[in-house]
Amino acid sequence: MFLPAGSRDEMGTSIDHRFRVTEVFRKVITMRGYSLISTPVVEYAATFTNQYVDMKLQDMMKWFNPEGEIEVLRPDWTTSIARALSNQAKIPQKWAYIGSIFKQSIPGIESQQIGVETLHLSPLMGESESLLMASSLLRELQMGDCLIELGHTEIFESLVRPLTLSEADEKRLRQAMHDKKKDEVYQIALNGKNEQSAKELASLVDAFGSLDILSDYEERWKDRKDLLDILDHLKKLARIVEQSGNQEILIDLGRVKNLPYYSGTMFRGFLKETGADCFSGGRYDRLYEQFGERISAVGLAFDVDVLAEHLVETKDYTHICIIASEDTLVQAEELRMEYKDAIVDIQTQPLENINYDLVLEISKKNGKVEVMER
Ligand SMILES: N[C@@H](Cc1c[nH]c[nH+]1)C(=O)O
């Protein structure tokens, strides 16, 4: 029997790694004062497609229920958690989750995430908490150095707003900006009949790199109070994460939001050694406007598969084989107790595919039990 493209069975090490990632995550979030939250796998499509969230139905796993409503497999944790928490007390909250999201665009449809959402914390506190949690998880997992990229939705958005672009052009502009295609950004933006804005947008394509970018743009945007405030905020956040999280920070002022509900700071994490994209997140205060609330909300989620793939074996257990027969099983189990920190495998013969550190054989002669090293 075959599986649909992208679906896979999993065995041994890769599952072991995924469990280890989630175990370490649980430890990190517990010690940082988070509570766990879970939401159902099946939700109404409208929870994700309403105007405040604006996710696209075509990418979701969906069907009609008997009442004719569209139901979906959870395509996003952040949105379902917002639904679940919509009438909670307005006090600082730190939530963490472990589980899958489902989208047509993901190979195999399912992707396992671990993530956090913080509500009602001051913007700098919530954002730095998310990023410091991320860096402490990566440290605990011994993932090596990580690059944290900071961006902000309102840079691109506020430069696009004064342009009179058709919906199609705006969509193309976003894509060109995302793909960092400078000439295309300029040409599309020119359709908005504002050459100055078109030039500014084209220059944003190159506005990424180390923290120095912030100083360059402080000079360039010295008459734009709104943009200066954003640069100042990113600078403060970068300093905290650099100093406390000991992580290298990159800035991408031209970053376009990857989820429609982001409004403010956005972040992404890359493993330095391989460049693998391991987490993504951002501020989404406006998501709560659907519940008539204006709050501070920010979070991020890790791709568990990416972390599991990069996990290095750390603890090396001694691997012992005890050779026993049906007659000596009780004694073999007793012997196991003497090796509490080792992997003890009771077999009738040592397995050929395993390189044991020690092979012990139990035998019974004239009612007397003997243990011999092989
Ligand atoms: N839900 C986002 C990650 C995130 C958590 N909080 C905010 N953003 C994602 O799947 O990419």
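Residues numbered from 1 in each chain as written. Predicted model: local features only at pLDDT ≥ 70, side-chain atom pairs only at ≥ 80, totals over all residues. Heavy atoms only, no water.

We apply this condition: UniProt positions are given in the numbering used here, feature names are shortened, and annotations may be inferred rather than shown by experiment.
The name recorded for the chain in an unreviewed UniProt entry is ATP phosphoribosyltransferase regulatory subunit, from Lederbergia galactosidilytica. Under the UniProt heading Subcellular location (unreviewed entry), the entry covering the chain gives this text: "Cytoplasm". As stated in UniProt under Function (unreviewed entry), the record for the chain gives "Required for the first step of histidine biosynthesis. May allow the feedback regulation of ATP phosphoribosyltransferase activity by histidine."

## Looking at the pattern of salt bridges
Filter applied, for reference: When a carboxyl oxygen of Asp or Glu is within 4 Å of a side-chain nitrogen of Lys or Arg, the pair counts as a salt bridge. Here a strand is any run of E in DSSP of at least two residues, a helix any run of H or I of at least four, and the numbering for each starts at the N terminus.
Counted according to the given criterion, the structure contains 30 salt bridges. Where R32 meets E129, a salt bridge forms, and the shortest distance between an N and an O atom there is 2.9 Å. One end of the pair, R32, is in the loop between α1 (13–31) and β1 (35–36); the other, E129, is in helix α4 (residues 123–140), with 97 residues separating them in the sequence. In this structure, R172 engages D169 in a salt bridge whose closest nitrogen and oxygen atoms are separated by 2.8 Å. With R172 and D169 both in helix α6 (residues 167–178) and three residues apart, the pair spans about one turn of that helix. One continuous salt-bridge network, built from bridges that share partners, spans R8, E10, R18 and D305.

## Quick look at a nonpolar patch on the surface
How we decide: Residues enter patches when their relative accessible area tops 30% and they take part in no salt bridge; the joining distance is 9 Å for like charges and 5 Å for the nonpolar side chains Val, Leu, Ile, Met, Phe, Trp and Tyr. A 1.4 Å probe and the Shrake-Rupley method give the accessible areas. Residues count as covered only by the protein chains that appear here.
Where nonpolar side chains cluster on the molecular surface, the patch consists of V41, V42 and W63 and spans about 220 Å² of accessible area. Tracing the sequence through the fold places V41 in the loop between β1 and β2 (42–44).

## Here we look at the site of the ligand
The cut-off we apply is this: For this purpose, a residue is taken to be near a molecule or strand whenever a single non-hydrogen atom of the residue falls within 4 Å of it. Think of a polar contact as two N or O atoms within 3.5 Å of one another; within protein, one of them needs to be a possible hydrogen donor and the other a possible acceptor, and neighboring residues in sequence only count if both atoms come from side chains. Residue polarity follows a fixed list, in which Ala, Val, Leu, Ile, Met, Phe, Trp, Tyr, Cys and Pro are nonpolar, Asp, Glu, Lys and Arg are charged, and the others, Gly among them, are polar.
Around the ligand, the structure places 15 residues, and the nearest of them are D76, T78, E117, Y262 and G299. Within the side chain of D76, a nitrogen or oxygen atom sits 2.8 Å from a nitrogen atom of the ligand. A distance of 3.2 Å separates a nitrogen atom of the ligand from a polar side-chain atom of Y261. Coverage of the ligand by the protein chains reaches 93% of its 300 Å² of free accessible surface. For the shell around the ligand, the secondary structure elements donating two or more residues are β6 (110–119), β11 (277–283) and β12 (297–303). Per-class residue counts for the shell around the ligand are seven nonpolar, six polar and two charged.

## Observations regarding the UniProt feature "binding site: L-histidine" (unreviewed entry) in the chain
Using the following cut-off: Only protein chains enter the accessibility calculation, which uses a 1.4 Å probe. A residue is then buried if its area is under 20% of the maximum for its type, exposed if over 50%, and partly exposed in between. Whether two residues are in contact is decided by their heavy atoms, any of which lying within 4.5 Å being enough.
When the UniProt feature table is mapped onto this chain numbering, "binding site: L-histidine" (unreviewed entry) sits at D76, W77, T78, Q113, E117, Y261 and Y262. Judged by its relative accessible area of 3%, Y261 is buried. Not counting the four nearest positions on each side in its chain, Y261 is found in contact with Y52, V53, M55, D76, T78, T79, R283, Y284 and L287. At 2.8 Å, the side chain of Y261 and the side chain of D76 are in polar contact.

## Considering the nonpolar core
For clarity, the threshold we go by: We call a set of buried Ala, Val, Leu, Ile, Met, Phe, Trp, Tyr and Cys residues a nonpolar core when their side-chain atoms join them within 4.5 Å.
Of all hydrophobic cores here, the largest spans 63 residues; its most connected members are M133, L150, L201, L253, F279, F302 and L307. In terms of residues, this core owes the most to one element, helix α10 (residues 225–245), which gives seven residues. Sequence-distant contacts of F279, that is, excluding residues within four places in its chain, are made with L131, A134, L138, C146, I148, F267, R268, G269, L300, A301 and F302. Counting residues in hydrophobic clusters, the runner-up holds 26 residues, among them I37, M60, L259 and A297.

## Looking at the pairing of β12
Heads up, the rule is: Here a strand pair is declared whenever DSSP counts at least two bridges between the two strands.
Taking burial as the measure, the seven residues of β12 include six buried ones, the bulk of the element. Pairing analysis gives seven bridges linking β6 to β12, with the strands arranged antiparallel. The partner of E117 across the bridge, within β12, is G299. Judged from the five bridges that link them, β11 and β12 form a sheet pairing that is antiparallel. Paired with G282 across the strands is G299, a residue of β12.

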